[in-house]
Amino acid sequence: MKRLAFSLLCTVCSFVGAGATAFAQDKVEWRYFSYFPVNDNAVKLTRQFAEDVGTATNGRLKINVFAAGELPYKAPDVLRAVATNQVQMGDMAVGFASGDVPELNVLSLPFLCTSFDAFKKAIVGIGPVVDQVIGDRFKVDVAMNWTMPAQNFWFNRPITKSTEIKGLKVRTWNPEQVNMVQLLGGSPVSISSAEVIPALERKVIDGAITSALSANEWRAYEIINTGLMANFAMGHQVTMINKAELAKLPEDLRTILLRKVDEWEPKYMEMAAKGEGEARSNLSANGVKLVDPSGEDYAHVRATMLPMWNEWANKHGETGKKLLGLARAGCIGTN
């Protein structure tokens, strides 16, 4: 009897040990890098997403979220960090990857996509192309597509329409904006972010380009007179997952993660839209006149930008042409 009891105990211990080992092997820990500052709403939302995934998987998939400064990566590094499995997930502004995938940055073309609703419609077609190009080239899956608030013009003088930009000095921060300001008859000026407010105050420049969110954070309402709310470029963001690590997940974990991705994607859009609305309200309350361009003004500017769009598409071959067509079909009819 004692021998049988000992034998049964050993058998039970073996099963328990094997079960514990299997459970330990089943637990997965990932790293997620966000290039946004630690207190940014995007990081706060991503931490909530990671917590929700952990709860839904009973702790079997733990996603540790790191913000800017917490890992040794800058914004342009995120694509390669995910591709080389230094982190398993990350978020990226498509514009920051223009050195690796310049043909995907179609939504940076000025006055092509000018609203959250237009972005949502256009991304239905654009998203799969972006996923395929990044997946084929870097073995990374695009899990979410969303946008930061749009770029707008901020002036230290009254402005009512785009034709009044002619002759003005406007701070720009990427090649598309330089080209746009030149096409509008203005003079693009390159200065650092820290110099923008002093330059506006001293009238070294007449205007600057940024989102309402950033203009509000900079307390630009102490200097600026007018916001020309053209929403001329949306900030396309993607959330990425290392393809091999996703495939290695147990099927049930992979299913839960992808379901959560689908649930949370709209929340990033809602966060951006809410932040944009609050920033606009505060700028207006502090005396900034927010001017919405007329339909005629948009039509005039788009006709001016069309050669620039076509040049970009031709430069980037079949993918560029396809994405421009998808963007025009999705955005312009909705803007």
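Residues numbered from 1 in each chain as written. Predicted model: local features only at pLDDT ≥ 70, side-chain atom pairs only at ≥ 80, totals over all residues. Heavy atoms only, no water.

Size it by volume and the second largest pocket reaches roughly 170 Å³. Residue lining of the second largest pocket: Phe116, Phe119, Lys120, Ile123, Asn145, Glu265, Pro266, Met269, Glu270 and Ala273, and that is the complete set. If you list the elements that add at least two residues to the lining of the second largest pocket, you get helix 4 (116-138) and helix 9 (251-285). In terms of residue count, the dominant contributor to the lining of the second largest pocket is helix 9 (5 residues). Taken together, the residues of the lining of the second largest pocket sort by class into 6 nonpolar, 1 polar and 3 charged. (1 Å grid on protein atoms, 1.4 Å probe; cavity = no way out; pocket = protein on both sides within 12 Å on 5 of 7 lines; lining within 4 Å. Points joined across faces, edges and corners; volume = space filled by probe spheres on them. Helix = DSSP H or I, 4+ residues; strand = E, 2+ residues; numbered from the N terminus. Nonpolar A, V, L, I, M, F, W, Y, C, P; charged D, E, K, R; others polar.)

Tallied over the full model, the rule gives 2 cavities of 30 Å³ or more. Of the pockets and cavities examined, the largest cavity occupies roughly 40 Å³. Lining the largest cavity, in full, are Trp154, Val196, Ile197, Leu200, Ala208, Thr210, Ala215, Trp218, Ala220 and Ile224. Listing elements by their share of the lining of the largest cavity, those giving two or more residues are helix 6 (193-201) and strand 7 (207-211). No other element matches the 3 residues that helix 6 contributes to the lining of the largest cavity. Looking at side-chain class alone, the lining of the largest cavity contains 9 nonpolar, 1 polar and no charged residues. Empty space within the second largest cavity amounts to approximately 30 Å³. If you trace the second largest cavity, you find it lined by Phe111, Ser162, Leu228, Ala230, Pro293, Asp297, Tyr298 and Val301. Only strand 8 (226-242) and helix 10 (295-315) provide two or more residues apiece to the lining of the second largest cavity. At 3 residues, the largest contribution of residues to the lining of the second largest cavity is made by helix 10. The residue makeup of the lining of the second largest cavity, split by class, is 6 nonpolar, 1 polar and 1 charged.

When pLDDT is averaged along the chain, the result is 92, and 92% of the positions lie at 70 or above. Note on residues 1-24: pLDDT is under 50 here. Beyond four places in sequence and across chains, it has 1 contact. (pLDDT = per-residue confidence, 0-100. Contact = heavy atoms within 4.5 Å.)

Now for the environment of Glu263. Tracing the backbone through its elements, the reader meets Glu263 in helix 9. Side-chain polar atoms of Glu263 contact the side chain of Lys260, separated by 3.1 Å. (Polar contact = N/O pair within 3.5 Å; in protein donor to acceptor, adjacent residues only side chain to side chain.)

Another aspect to go through is helix 5 (residues 175-183). Those residues of helix 5 that sit buried are Glu176, Gln177, Met180 and Val181. For helix 5, the angular spread of buried residues about the axis comes to 130°, placing them on one side. Close packing links the buried residues of helix 5 with strand 4 (140-155), strand 5 (169-171), strand 6 (187-189), strand 7, strand 8 and helix 10. Capping of helix 5 at its N-terminal end is provided by Asn174; its side-chain oxygen lies 3.2 Å from the backbone amide nitrogen of Glu176. (Buried < 20%, exposed > 50% of the residue type's maximum accessible area, 1.4 Å probe, protein only. Arc of directions from axis to C-beta.)

Residue position: Pro110 is located in the loop between strand 3 (89-93) and helix 4. Between the C-alpha atoms of Pro110 and Met308, which are 198 residues apart in sequence, the distance is 9.0 Å. The residues touching Pro110, leaving out its near neighbours within four places in the chain, are Glu176, Met180, Phe232, Met305, Met308 and Trp309.

Summarising the sheet, strand 1 (residues 28-33) and strand 2 (residues 61-66) pair through 6 bridges and their orientation is parallel. Paired with Val28 across the two strands is Leu61, which belongs to strand 2. (Pairing = 2+ DSSP bridges.)

A complete count under the given rule lists 10 aromatic pairs for this structure. With a centroid separation of 5.0 Å and 40° between ring planes, the pair formed by Trp146 and Tyr268 is classed as tilted. Taken together, the residues span a long stretch of sequence, with Trp146 in strand 4 and Tyr268 in helix 9 at a distance of 122 residues. Of the two residues examined, Trp146 and Tyr268, each falls in the buried class. One aromatic cluster in this structure is built from Tyr35, Phe36, Phe96, Trp146 and Tyr268. The ring centre of Phe66 lies 5.7 Å from the NZ or CZ of Arg31, which sits over that ring. Seen from the ring of Trp264, Lys267 lies directly overhead, with NZ or CZ sitting 3.9 Å from the centre. (Phe/Tyr/Trp six-rings, centres within 6.5 Å; stacked < 30°, edge-to-face > 60°. Lys NZ or Arg CZ within 6 Å of the ring centre and 35° of its normal.)

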